[in-house]
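# Architecture at a glance
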Amino acid sequence: MKSTINIFKREFNAYFVSPIAYIVISIFLLIVGWFFFSTFFLEGHVSLTKLFSLLPIMFTFIIPAITMRLFSEELNVGSYELLLTMPVRNIDIILGKFLASLSFVAVMLAPTLLYAISISFIGELDLGPVIGGYLGAIVLGGSFSAIGIMASSLTRDQVIAFIVGMAICFSLTFIIDYVLFFLPDSFVSFFQHLSARFHFENISKGVINSRDFIYFISVSFIALYITNMILEKKK
Amino acid sequence: MIRVENLTKYYGDNLAVDNLSFEIKKGEILGLLGPNGAGKSTTYRILTGFLNPTSGTIKVKDLDIKEDLLEIKKMIGYLPESAPLYKSMLVFEYLNYVADLRDVPNEGKLSHIKELADLCSLNEVMHMRIDELSKGYRQRVGIAHSLMGDPEILVLDEPISGLDPNQIADTREIIKRIGKEKTIIYSTHILSEAESTCDRIIIIDKGKMVIDGTAEQIKEKTKTDTLEEAFKVLTSKRVGER
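None of these values were measured; they are calculated from a predicted model. (Residues numbered from 1 in each chain as written. Chains lettered and ligands numbered in written order. Predicted model: local features only at pLDDT ≥ 70, side-chain atom pairs only at ≥ 80, totals over all residues. Heavy atoms only, no water.)

### With respect to the state of the cysteines
For the structure shown, the criterion picks out 0 disulfides over all chains. C198 of chain B forms no disulfide, and the closest cysteine sulfur to it belongs to C120 of chain B, at a distance of 18 Å. (Disulfide = S-S within 2.5 Å.)

### A few points about the side chain of H145 of chain B
Relative to the elements of secondary structure, H145 of chain B occurs in helix α5 (residues 135-147). Apart from residues no more than four positions distant in its own chain, H145 of chain B is found in contact with L82 and M86 of chain A together with Y78, Y94, L95 and V98 of chain B. (Helix = DSSP H or I, 4+ residues; strand = E, 2+ residues; numbered from the N terminus. Contact = heavy atoms within 4.5 Å.)

### Quick word on the nonpolar core
Grouped together as the largest cluster of nonpolar side chains are 146 residues, with contacts concentrated most on L48 and F59 of chain A together with Y94, L95 and L122 of chain B. Top contributing element to this core by residue count: helix α3 (residues 49-77) of chain A, with 12 residues. Other than its neighbours up to four places away in sequence, L95 of chain B contacts I113, L122, M126, V141, A144, H145 and M148 of chain B. (Core = buried A, V, L, I, M, F, W, Y, C linked by side-chain atoms within 4.5 Å. Buried < 20%, exposed > 50% of the residue type's maximum accessible area, 1.4 Å probe, protein only.)

### Thoughts on the pairing of strand β4 (residues 55-60) of chain B
Residues and elements named next belong to chain B. Judged from the 5 bridges that link them, strand β1 (residues 2-11) and β4 form a sheet pairing that is antiparallel. For I2, the partnering residue across the bridge sits in β4 and is V60. The pairing of β4 with strand β5 (residues 63-64) spans 2 bridges and is classified as antiparallel. For K59, the partnering residue across the bridge sits in β5 and is D64. Between β4 and β5, which pair antiparallel one after the other, the connecting turn spans 2 residues, and K61 there sits at a positive phi close to 55°. (Pairing = 2+ DSSP bridges.)

### Some points on the environment of L147 of chain B
All names here are of chain B. Positionally, L147 belongs in helix α5. Residue L147 is classed as buried on the basis of its relative accessible area, which comes to 4%. Once the C-alpha coordinates of L147 and I178 are considered, the two residues, 31 residues apart in sequence, prove to be 9.1 Å apart. Residue contacts for L147: discarding those within four places in its chain leaves H112, L116, L119, C120, L154, I178 and K182.

Laid out in C-alpha cells, this is it:
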C-alpha cells in the first residue's frame, strides 16, 4: 500500500514537470469549452448535459495520450528494471500508475466545475445530473486509464501504445453503438451493455444504478489484470 | 548466503543460462566474469527478481526467489548495466524516491541520503536533472541507488564501465570500503580490476560455469601468468570483443 502511494506520487509529479500535462489540459479545456458554450445560449436551459456528452469522445483520444508513457517509456529507457528490482510488487506498480492517471483526469476535469458554478447563476441547475455526470466521468476515466495502461505495457513504443489504447477505447465507445443497428433485436440489449457510452449516459442522466458502475469497475479490473499478465509474461 | 541451483533461462529458443550452480558466502566479494552474452546479466536479473528462471532456482539465506521474492528484494541493492535512471528527475528527488520505496524510515532518511551522497561524491549535483549528468555521475547515482537502505547484498553489473581512470579508482575504493560488511557480486571486463578487488572469481561462458576460484588458483589451473590469458584460454578467445 505504501509502495503504491510512493509510485503514485512519482508518476503524478512526473506529469507536471514536463509541459505535456499543461498542453493536454489546455487542449481538453479549449475543445470542451468551445463546443459547450458555442450552443449553450441557443438551447435555452441550464444544464451540463452537453459537456458530459462530449466526454466519451474526448477521453477516447486524450486518456490514451496520458497513459501511453506509463509503461512504454520505462520499458524503452530501461528504468523498468530498476523499478521492478526494488522491493515492490507488480500490483503496487500497476495501481500506482493507474491512480496517477486517474488523478490526472480529475485535475483535468476540475476546471469545468467553474462552468457549473457560472451557469448556476443564470438559472436553476439540477444537481442530480451534475453529480452523476462527474461520477460517471471519473469511472469512465478510470476504465479508459486502465485500458491505456494495458496498451502501454504491451510495447516500448509510445505511439503504438497510444494507437492501441485509442482503438480499444474507440470500439467501446462507438463501434458497439453502430453495430447495434445491424443486429437482430434479441442481441441488442446484450451488446448495448458492452458500450461504455451507453453506461456513461445512464449515469450522467443522474440515474445512479449499480449496474453501470459495475460495468466500469469490471472493465478497469479486467484491463489491469491483463496488464499484470503481460508484465508477468515479460519476466 | 546466496545459492544458485541448476539455474536455466531460455529467451524463446535461446539458451542464456545453462544449468548454472554456484554459491556465495557472506561477506565475500565475488567477481562474475565472462564474455558479452555469457549470461551474467541474466543471472543478476533472475537474482533481483526482474526475470523468472525457466528452471532451477536461487536461494538467499533460506528464502527461495520463487516464493519470497519481496523479502529477497529487500536484502539486495542492484545496479543494472548502464544505470537506466528516470531522466526527468533531480538527483535528490530520485534518491528520495528510492529511499521511500526501500522503506528507509523518515527520521533517518535525510542523513542517510547525505551519507550516500558523500560516499559517492554526489553533493555538487544533487539539484541537477539526471539527464544533464555525465555518464560517470549517472553511474554514481546508480551506485547510491543500490546502496540505499543499507542492503546486505550488492549486485553490481559492470559498475565501472565507461568511467575515467579517476572515477574507476573512486569506485574501486567504494566497493572495497562497503565490501567489508557486505556480500558483493559484480562483473567487469577490466580483469586487473577484478583481480585486485575480488575475493573469488567465477568465469562463465555461454551460460555455463568454466572455472571457480581465486585469481591465483585460476592462473595456476590454466597454467597462465595473467588473468587475461586465463580468460582467453577459458572462453575461446572471445575477449576483446568489447
